[in-house]
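# Chain and residue survey
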Amino acid sequence: MSAQAVDVKARGLWGTFEECRDHLFKQYQETRFDPDTGLSPEALEAEVASYLEAHRDEPRVLQKANVFRIVMTHGQIAIDPQDWFVDKVNHGCLVRSLSCEDRPDGGGILRRLSLRWLYDTMDGPIGESTNWLRRAYRAGQATGPKGGLDRGHIAPGWDALFAAGLTGLLDKVAQAREALGTRVTPEQLAFYEALEIVYRAAIELSNRFARLALKMADELPKHRERLLIIASAMSNVPANPPRTFHEALQFHWLVHELIEIEGEYVRSAGQFDRTFYPFYKADIDAGRLTPERAKELIKFFWYKWYARTQGRENGKNFCFGGQYPDGTEITNELTYLALDAFEEMNTPDPKLSLRFLPTSSEKLYRRVAELIRDGHNSMVLMNDPVAVEALVKRGIPLEDARIYLPIGCYEPAVEGKQVGCTMNITVNLAKGVELALNDGRDPTTGEQVGPHTGDARSFAGFDDVWDAYVKQMDYFLEHAHDSIAAAERAWPQINPSPMVAGAIEDCIARGKDVGQGGPRYNTVGFVGAGLANACDSLVALKKAVYEEKRFTIGEVLEALRANFEGQERMRQYLVNRTPKWGNNDPDADGLARRIADYYCNKVHNFTNGRGGPCMAALFSLTFALHGGERTGALPDGRRAGESLAPGLAASYGRDRNSVTALIDSVTKLDSTLTPNGAVLDVTLHPSAIKEEEGLEGLVALIKTFLSKGGYAVQFNVFDVDTLRDAQRYPERYSTLQVRVTGWSVYFTSLSRQEQELYIARITHGN
Amino acid sequence: MAIEAALEKRSNTERGEGAQCEGLIFDIKRYAVHDGPGLRTVVFLKGCSLSCAWCHNPESISPRPEVSLHPERCIACFTCVKVCPNQVHQFGEGGEHVLERDRCKQCGTCTESCYAEALVMVGKKLSVGQVMEVLNEDRAFYEASGGGVTLSGGEPFMQAEFTTALLQSCKAAGLHTAVDTCGNVPWAVIQKTLPYIDLALYDLKHMDPGEHKRHAGATNDLALRNLRRLSKSGVPIEIRIPLIPTVNDSPAHVEAIGRFLASLDNIVGVRLLPYLRLAGSKYASIGRPNRMPEVDTPTREHLETVAGWMQRDRPLTIFINA
């Protein structure tokens, strides 16, 4: 950044976050690179192109490493003198996002290379499996990443990285190569060489930053103090272990950047209060830092996450609470300091997750409940004993299971040891019902996407429906698994990842990349969505058709085909007079459990393409909407195209028995069967969490959910937007109750004037 | 709705004497946080001995079941017209659904066949055993929060036998109990339940007998006398005051309340409930004339001022549900 671009108002070293905030928000859009610092993106691109042209026959891992080297050693760099952390390398895409593969710049030079290799592979070696998955996505049976391979959802092992530094990793590479001796393969030699290239390039980059910071310190006397600190930090990290809290944060952010520039997505940023605590504690004990200043550093550090997403993308996750490998609790003063920073920043990113133990203190519960009450509702609350047991059941040793991280949104993976491909596929559990009722033919597209399981009119009873459902799901899951395994086997050709490989044990020791089974644990996630719709649809058929004989199966099929057109009375019966998941109803809950058990056990029978296990999950994320768009009318009364149920929760407006009954239902599922996560979304009324008693109520709700064995829960407090939406779509909110002490009324039954009055009350109230 | 779930329950006869006793319930709410300590389930009993102009649960007033109509849910299938034995249902020229309520015998035929739930029977007969089944479902939540069960209404003591039996069952089951009462019932009824009540939520509306009669349909003599007796009984009492601008929020009146409360024992708190004019649709749904005062919701500032007036003589623990 040139001196002219900097606002050189006199400033102290500390207490500048609030005044820098707007500037920091735009840090990736408005970066100016000094041409003297390196090659322009165009020149860099040409340099890379000529390298690749001259080295076509080099193993891809070496091509990748050398492109990385060219970018890191020749690309332009910039330091923002108002910022505490440096990170800006001009590789053609600073405003990176998770969906940047769809951007014209493809996410920068390295990502474009990976993307090219991905498309080559999708059109070639894995063409057949790619096409099979594409058709499944089109039919709304599932969704997943391009080519059927989730290369993201990486959780680097920060503790190990900090302990070794990149210099230490270079030593490990040398030792591992030596240990293999004459058994080492040419492939392994190429991999080791690639590791050395990328770590040396990364160290060279940090040295370039150090030199630039020194130069700027002379040019910008008002920022001299901070620039000298930066220069000192960059001459130490990430080559060596961090010496201070500031250096630890700098190390983390820069390596995170480098991994992502290389082409992986770091979706968990780590266990904040364990990884950074030793550095924080040492600084405080030595008098180098105050808690207030540490909090400011955290804000500068975290704001980068927000500046990247601008609040519009899936965020990244920092974890708090939980336990050390030996089972002792982590929560410490840094936990609370960071939560304070999070509250004061008041930004939607980064995302936070909290791991609760039976021994977690009242203070932690209350602090988290306060944050939720005040609108910080992106936090996921994990039930640690259950999450750990679920991993142990799938073969992860206890000590490793205890250092899992919720990756991305909620999917656990052992930090620095597991490559989980956690979002490899999201399966529509309700689509199986539709296919079972239509002999495997998708009524929307007319395609025969599943096996022939017979004309539903000939089914003798509910057991036949269930059998057809299982056959449809079996067929889909087995084919999906085969397709994913094919994509996994092509991973080394798609995206060699030497930078991240050193951050995941045992890639170096085994001499294998992250996509070659190098990590200690190699798993694939199968996420099940729409449990409520599958359950409610099946239970409605069981009750209304086979038990009460109120409608024939033929009548129901006709109504579904017509999207309930002219059959509104039947639809109302199905909606209001048959059992629904989420109400502590034994029939509905029993069936949901049956579906969940079937699905999870089916998934757990698979071995993935890298030889590891497959892991089941139950949640939906945005697939509730997109999968819903491709699912026809269902016997639960849901019309064609409407959203599926969110996460583990009841279908929209169908949980009519309060949140406690919803929790009763959900906790009847076996949470240890969902090692890849299972999350209940709970929506609370603002008045329910008001005042001290509301806060205590929320704490009790969280504690009871956890003690009943729920897996994870996320709270939303409904707001004015919800009420406006309810005015537009009253049917979706038929059970939304406006509750005030001692009384309640359905929001949608209020007159328009009364609705406005109520909205005004919650807007201007508290 | 928890009340529908309760209807599905088979009363557990092992729950002992009184389990078969039936009450008329119009709602059961789980996860209530402002009706006594902790997380609570509130059972709303139908029938009240007062008829306050500001009542926001008008469906609680009549001691008989009532058909409520929610036109926004109607799918115009006209099944109600076909099945009603008493020609209660008619549709006007513009499609508006009119109920000839004088003819309605509350037989439930229309509500049973109204799948869209545009017609709902308010008030269901439930046994103590059935209600207990629902109350027990949230036991884990009560235990985690120090919560329990609250009987509300209507006026729970109007169904003396049922209320007593239900409270006894709750105590036998180890559940914390609260009763929300207007106090306008014979003392003997309240007295009989005292051993089974952990907290009384006692409504106080107006100190002046004439004003009380004008707005609530009866004088406050009995309610105030019962409150004095109750305050000697040892049961902790939370006073609940619906604060209605121009009706009961003048400094003189509020100070009078404060003086009265200062003379009582066992008052653990006073809760100010700001008037909210949102029940118009409820009145319409059961065909009851809406007499709700046309005044605005008091602001938090006003409530805090009122709380100040109330404590002129003696400090009180005042909660404001703004």
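Just so you know, these numbers come straight off a predicted model, no measurement behind them. Sequence positions are assigned chain by chain, starting from 1 and proceeding in written order. Just so you know, chain letters begin at A and ligand numbers begin at 1, following the order they were written in. Per-residue local features are limited, in this predicted model, to residues with pLDDT of at least 70; the limit for side-chain atom pairs, both in listing and counting, is 80 or more; totals at the level of whole chains, interfaces and linings are taken over all residues. Side-chain measures were taken over the full set of non-hydrogen atoms in the model, leaving aside hydrogen atoms and water.

All right, on to the overall build of chain B then. Only runs of H or I of at least four residues qualify as helices and only runs of E of at least two qualify as strands under DSSP, and these elements are numbered from the N terminus. For chain B, the count of helices and strands is twelve helices and 13 strands. Computation of the radius of gyration draws on C-alpha atoms alone. For the globule rule, the value is 2.2 Å times the number of residues to the power 0.38. In terms of C-alpha radius of gyration, chain B reaches 21 Å, essentially the compact-globule figure of 20 Å for 322 residues. Any two residues whose heavy atoms approach within 4.5 Å are treated as being in contact. Long-range contacts, defined as pairs at least 24 residues apart, comprise 71% of the intrachain contacts of chain B with a sequence gap of at least 6. Accessibility throughout is a Shrake-Rupley quantity obtained with a 1.4 Å probe, and a residue counts as covered only by protein chains that appear here. Only carbon and sulfur atoms are counted for the fraction: they give 50% of the accessible area of chain B, which is about 12800 Å². A residue counts as positive if it is Lys or Arg and as negative if it is Asp or Glu; His and the chain ends are not included. Working definition for charges: the position is that of NZ of Lys, CZ of Arg, CG of Asp or CD of Glu. Here chain B contributes 35 positively and 37 negatively charged side chains, and the mean placements of these two sets differ by 3 Å.

This brings us to the pattern of salt bridges. Residues and elements named next belong to chain A. Criterion for a salt bridge: a side-chain nitrogen of Lys or Arg within 4 Å of a carboxyl oxygen of Asp or Glu. Per the stated rule, a full pass over the model turns up 75 salt bridges over all chains. Put simply, Arg571 and Glu568 hold a salt bridge, and the shortest N to O gap is 3.1 Å. Here Glu568 and Arg571 lie together in helix α24 (residues 568-576), a separation of three residues that amounts to about one turn. The salt bridge involving Arg728 is made with Asp725; its shortest N-O contact spans 3.7 Å.

Okay, the nonpolar core next. Phe245, Phe272, Trp302 and Tyr599 of chain A are the most contacted members of the largest nonpolar core, which has 249 residues in total. Ranked by residues supplied to this core, first place goes to helix α7 (residues 186-219) of chain A with 18 residues. Beyond its immediate sequence surroundings of up to four residues, Phe245 of chain A is in contact with Phe272, Phe276, Phe279, Tyr280, Asp283, Leu289, Ala294, Leu297, Ile298 and Leu334 of chain A. Membership of the second largest hydrophobic core comes to 60 residues, among which are Ile3, Leu227, Phe260 and Leu303 of chain B. Among buried residues, the Ala, Val, Leu, Ile, Met, Phe, Trp, Tyr and Cys ones that are joined through side-chain atoms within 4.5 Å form a nonpolar core. Buried residues are those whose accessible area, probed at 1.4 Å on protein chains only, stays under 20% of the maximum for their type, while exposed residues exceed 50% and partly exposed ones sit between those limits.

What follows is about helix α6 (residues 158-180) of chain A. All names here are of chain A. Given the number of residues in a helix, its expected span is that number minus one, multiplied by 1.5 Å. Taking 1.5 Å per residue as the helical rise, α6 with its 23 residues ought to reach 33 Å, whereas the 26 Å between its terminal C-alpha atoms falls clearly short. Burial in α6 covers these residues: Trp158, Leu161, Phe162, Ala164, Gly165, Leu166, Gly168, Leu169, Leu170, Val173, Ala176 and Leu180. The inward-facing, buried residues of α6 contact α7, α9 (245-262), β4 (268-271), α10 (272-275), α11 (277-286) and α21 (507-510). Among the residues trailing α6, Gly181 stands out with phi positive, at a value near 55°.

Residues and elements named next belong to chain B. Domain borders in the structure are assigned automatically or taken from a domain database. Here chain B is described as being made up of domain 1 (2-62 + 125-320) and domain 2 (66-122). Here the C-alpha centroids of domain 1 and domain 2 sit 31 Å apart. Each partner contributes residues to the interface: domain 1 has seven residues there, and domain 2 has seven residues. The term buried area means the drop in 1.4 Å probe accessible area that two parts suffer when joined, counted for both and summed. Of the roughly 600 Å² buried at the junction of domain 1 and domain 2 (both faces included), carbon and sulfur atoms supply 55%. Of all residues in domain 1, the largest losses of buried area upon contact with domain 2 belong to Lys46, Ser285 and Ile286, amounting jointly to 68% of the total for that side. Connecting domain 1 to domain 2 are one salt bridge. The shortest N-O distance in the salt bridge between Lys46 and Glu66 comes to 2.5 Å. Polar contacts here mean pairs of N or O atoms no more than 3.5 Å apart (in protein, one a potential hydrogen donor and the other a potential acceptor; neighbouring residues in sequence count only if both atoms are side-chain atoms). At the surface where domain 1 touches domain 2, the tally comes to four residue pairs in polar contact (both at pLDDT 80 or more).

Residues and elements named next belong to chain A. Its place among the elements puts Gly612 in the loop between α25 (586-604) and β14 (614-618). Taking the C-alpha atoms as reference points, Gly612 and Leu24, 588 residues apart in sequence, are found 42 Å from one another. Among all residues touching Gly612, those that are not within four sequence positions of it are Asn522, Phe606 and Thr607.

Turning our eyes to something else, we now look at the pairing of β14 of chain A. Residues and elements named next belong to chain A. Among the five residues of β14, five are classified as buried, and the element is accordingly described as predominantly covered. Judged by which residues are buried, β14 turns out to be covered on both faces: Cys614, Ala616 and Leu618 on one side and Met615 and Ala617 on the other are all buried. Strand direction decides the pairing type here: strand β13 (residues 524-529) and β14, joined by five bridges, are parallel. Paired with Val527 across the two strands is Ala617, which belongs to β14. For two strands to count as paired, DSSP must find a minimum of two bridges between them.

Our next topic: the packing of aromatic side chains. All names here are of chain A. Each pair of aromatic rings taken from Phe, Tyr and Trp, with Trp reduced to its six-membered ring, is defined by centres within 6.5 Å and is described as stacked if the planes are under 30 degrees apart, edge-to-face if over 60, and tilted in the remaining cases. Summed over all chains, the structure comprises 35 aromatic pairs over all chains. Residues Phe191 and Tyr192 carry aromatic rings whose centres are separated by 5.9 Å and whose planes lie at 45° to one another, so their mutual orientation is tilted. Given the relative accessible area of 2%, Phe191 is considered buried. Note on geometry: a ring has a charge over it if NZ (lysine) or CZ (arginine) is within 6 Å of the ring centre and within 35 degrees of the ring normal. Positioned above the aromatic ring of Trp84, the side-chain terminus of Arg226 is 4.9 Å from the ring centre. Stacked on the ring of Tyr336, the Lys or Arg Lys363 has its end atom at 4.0 Å from the ring centre.

Moving on, we get to the sheet that holds strand β11 (residues 237-243) of chain B. Residue and element names in this part refer to chain B. Strand order across the open sheet formed by nine strands is β7-β1-β2-β8-β9-β10-β11-β12-β13, with mixed pairing between neighbours. Of all the strands in the sheet, the pair left with one neighbour each is β7 (124-127) and β13 (318-320). In this sheet, neighbouring strand axes are inclined to one another by 30° on average, regardless of whether the strands run parallel or antiparallel. Pairing of strand β2 (residues 40-45) with strand β8 (residues 148-152), which is carried by five bridges, proceeds in the parallel orientation. Bridge assignment links Arg40 to a residue of β8, and that residue is Gly148. Sheet contacts for helix α4 (residues 128-137): β1 (22-32), β2, β7 and β8; angle to β7, the most-contacted strand, approximately 80°. Structural elements are reduced to axes, namely lines fitted to C-alpha atoms, with helices fitted over the stretch in contact, and the angle between N-to-C directions of any two is expressed from 0 to 180 degrees.

Turning next to the interface of chain A and chain B. If you look at the interface, chain A gives 48 residues, while chain B gives 50 residues. Buried surface at the junction of chain A and chain B, both sides included, amounts to about 4400 Å², of which 53% is carbon and sulfur. Linking chain A with chain B are five salt bridges. With its nearest N and O atoms 2.7 Å apart, the salt bridge here joins Arg656 of chain A to Glu117 of chain B. Sorting the residues of the side of chain A that touches chain B by element identifies α24, α27 (658-666), α28 (691-707), β17 (737-740), β18 (743-746) and α30 (752-764) of chain A as the ones contributing at least two each. When residues in the side of chain A that touches chain B are grouped by element, the largest group, eight residues, is from α28 of chain A.

All right, on to the packing of α4 of chain B against helix α6 (residues 160-172) of chain B then. A packed helix pair is summarised by two numbers, namely the angle formed by the two axes and the spacing between the axes. All names here are of chain B. For the pair α4 and α6, interaxial distance at closest approach is 10 Å and the crossing angle is 40°. In terms of their interaxial angle, α4 and α6 are classed as oblique. Here α4 and α6 pass one another in a crossing that is right-handed. Taking contact as the criterion, the partners of Val128, Val131, Met132 and Leu135 in α4 are, on α6, Phe162, Ala165, Leu166, Ser169 and Cys170. Among the residues making up the contact of α4 with α6, the classes are represented as eight nonpolar, one polar and no charged. In these notes the angle categories are as follows: under 35 degrees is roughly parallel, over 145 is roughly antiparallel, 65 to 115 is roughly perpendicular, and the rest is oblique. Definitions for this section: a left-handed crossing has its near helix turned counterclockwise from the far helix by less than a right angle. A right-handed crossing has that turn clockwise. Note on residue classes: Ala, Val, Leu, Ile, Met, Phe, Trp, Tyr, Cys and Pro are nonpolar, Asp, Glu, Lys and Arg are charged, and everything else, Gly too, is polar.

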